[in-house]
Amino acid sequence: MKKNIYFILLMLLIASASQAQLKIVTTIPDLKSIAESIGGDRVDVFSIATGYQNPHFVDPKPSYILKLSKADVFITVGLDLEIGWVPALLNSARNQKIQKGGEGYIDASTNIPLLQIPSSVNRGEGDIHIFGNPHFWLDPLNGKIIAQTITNTLSRLDPEHQGQFHANLKKFNEAVDAKIKVWETTLARFKNTKVIAYHNEWPYFEQRFGLKIVDFLEPKPGIPPTPSQLAKIIGTMKREQIKIIINSPYFTAESADLVARNAGGKVVTFATSVGATPEIKTYIDLFDYNVGQLVSALQ
Ligand SMILES: [Zn+2]
């Protein structure tokens, strides 16, 4: 009788262990959305940054350290996008599994065809894109590469459910492929439209959807707009008949508004991440929103 009870307890223990979800912490909500698409009910995902925060600059909080200390998986954009806040958090979390090189550490930039890789690494002039442009999730095809990378790690950590992860990956890829056709068709008539952006975070979007980003309000990524840079942009916009300035939710509208007023253009705020506005709930919604913003601005 006693033996039976032990046996039942043991079986319950094994069952609950195999039911346990993988605890995932991501730096940005886009990675959370993709991880949830792949992991489904096998994962519990928390994103440190919100969708309306500048992912280069996030204030570390003790609650993030607690989350990281208990995480099975950590997903970072990489390329030093989060250099200002992730290393300190990982250090304080003291969780070997999710340190760089650990079994649960995922660098989302793995296998991404990077744009704007500089010929030399130089932080001297304040540039924060020193390993290539890190805003690669803004091309939905790169979302598929990120999804594959996440699928590989989840399958390794929870092999019992790898069939489910691969099925979810297939579903995710099909959803992206179907939507890309719609977005490309919608934007086809605006091909080669010249625009100005605040921060250099759109080269992947530009490449996918055929915009031409001519210049930026920031003289260098991470360096706030200067009067001389704004004057230069006003001249460029007038000369080249550019009507659109793409802003991001975390930059004040002041500089963009000033340029728009003086150059006769308008400011369009794009979403850079899931959750930038309440209606952007998933990675696919992000592109629906930005394509919509662009179409209504250009019409
Ligand atoms: Zn950037």
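All values derive from a computational prediction rather than experimental measurement.

## Looking at the overall build of the protein chain
Link 1 in the chain: A tally of helices and strands in the protein chain yields 10 helices and eight strands.
Link 2 in the chain: Taken along the three principal axes of its C-alpha coordinates, the protein chain extends 90 × 40 × 35 Å.
Link 3 in the chain: Here the analysis covers contacts within the protein chain between residues at least 6 apart in sequence; of these, 61% occur between residues at least 24 apart.

## Notes on the packing of helix H2 (residues 29-39) against helix H5 (residues 140-157)
Link 1 in the chain: Following both chains from N to C, one finds H2 and H5 inclined at 55 degrees, their axes separated by 9 Å at the closest point. Classified by the interaxial angle, the pair formed by H2 and H5 is oblique. At the point where H2 passes H5, the crossing takes the right-handed sense. Residues Leu 31, Ile 34, Ala 35, Ser 37, Ile 38 and Gly 39 of H2 lie in contact with H5, whose contacting residues are Gly 143, Ile 146, Ala 147, Ile 150, Thr 151 and Leu 154.
Link 2 in the chain: In the contact of H2 with H5, the residues fall into eight nonpolar, four polar and no charged.

## Regarding the sheet that holds strand E4 (residues 105-107)
Link 1 in the chain: Reading across the sheet, the four strands line up as E2-E1-E3-E4 and stay open at both edges, with parallel pairing between neighbours. One side of each edge strand has no neighbouring strand; the edge strands of this open sheet are strand E2 (43-47) and E4. With direction set aside, neighbouring strand axes in the sheet form an average angle of 20 degrees.
Link 2 in the chain: In this sheet, E2 lies alongside strand E1 (residues 22-26) in parallel orientation, the contact comprising five bridges. Within E2, the residue paired with Leu 22 across the bridge is Val 43.

## What about the sheet that holds strand E8 (residues 266-269)?
Link 1 in the chain: Strand order in this open sheet of four strands is E6-E5-E7-E8, and the pairing throughout is parallel. Whereas interior strands pair on both sides, the edge strands pair on one side only; in this sheet they are strand E6 (212-216) and E8. Sheet twist, expressed as the average angle between the axes of neighbouring strands with direction ignored, equals 35 degrees.
Link 2 in the chain: Summarising the sheet, strand E5 (residues 194-197) and E6 pair through four bridges and their orientation is parallel. Bridge assignment links Val 195 to a residue of E6, and that residue is Ile 213.
Link 3 in the chain: Across the sheet, helix H8 (residues 227-240) lies against E5 and E6, angled at about 150 degrees from E6, the strand it touches most.

## Focus on the nonpolar core
Link 1 in the chain: Ranked by internal contacts, the top residues of the largest apolar core, which has 74 residues, are Ala 35, Ile 38, Leu 68, Ile 75, Ile 150 and Ile 246.
Link 2 in the chain: When residues in this core are grouped by element, the largest group, seven residues, is from helix H10 (residues 283-298).
Link 3 in the chain: Taken together, domain 1 (2-109 + 121-179) and domain 2 (181-298) each give at least three residues to this core, which thus spans both.
Link 4 in the chain: Setting aside its immediate chain neighbours within four residues, Ile 150 contacts Ile 34, Ala 35, Ile 38, Ile 75 and Ile 106.

## Observations regarding the packing of H2 against helix H6 (residues 162-187)
Link 1 in the chain: H6 packs onto H2 with a crossing angle of 125 degrees between their chain directions and a minimal axis gap of 7 Å. By the angle between their axes, H2 is oblique relative to H6. Taking contact as the criterion, the partners of Ser 37, Ile 38 and Gly 39 in H2 are, on H6, Phe 165, Asn 168, Leu 169 and Phe 172.

## Topic: the domain arrangement of the protein chain
Link 1 in the chain: Splitting the protein chain by domain gives domain 1 (2-109 + 121-179) and domain 2 (181-298).
Link 2 in the chain: Between domain 1 and domain 2, the C-alpha centre-to-centre distance is 29 Å.
Link 3 in the chain: Listed by partner, the interface residues are 29 residues for domain 1 and 29 residues for domain 2.
Link 4 in the chain: Class assignment for the residues of the side of domain 1 that touches domain 2 results in 12 nonpolar, 12 polar and five charged.

## Here's the deal with helix H9 (residues 254-263)
Link 1 in the chain: If you check which residues of H9 are buried, you get Ser 255, Ala 256, Val 259, Ala 260 and Ala 263. Along the axis of H9, the buried positions cluster into a sector of 130 degrees, meaning they face one direction only. Looking at H9, the residues exposed on the side facing more than 90 degrees away from the buried face are Glu 254 and Arg 261.
Link 2 in the chain: Those residues of H9 that are buried lie in contact with H8, strand E7 (244-247) and E8.
Link 3 in the chain: Where H9 terminates, the next one or two residues include Gly 264, which has phi positive at roughly 70 degrees.

Quick notes on the rules
Residues numbered from 1 in each chain as written. Predicted model: local features only at pLDDT ≥ 70, side-chain atom pairs only at ≥ 80, totals over all residues. Helix = DSSP H or I, 4+ residues; strand = E, 2+ residues; numbered from the N terminus. Contact = placed C-beta atoms within 7 Å. Axes fitted to C-alpha atoms, helices over the stretch in contact; angles between N-to-C directions. Parallel < 35°, antiparallel > 145°, perpendicular 65-115°, else oblique. Left-handed = near helix turned anticlockwise from the far one by under 90°. Nonpolar A, V, L, I, M, F, W, Y, C, P; charged D, E, K, R; others polar. Pairing = 2+ DSSP bridges. Core = buried A, V, L, I, M, F, W, Y, C linked by C-beta atoms within 7 Å. Buried ≥ 20, exposed ≤ 12 C-beta atoms within 10 Å, placed from the backbone. Domains from an automatic or database assignment. Arc of directions from axis to C-beta.

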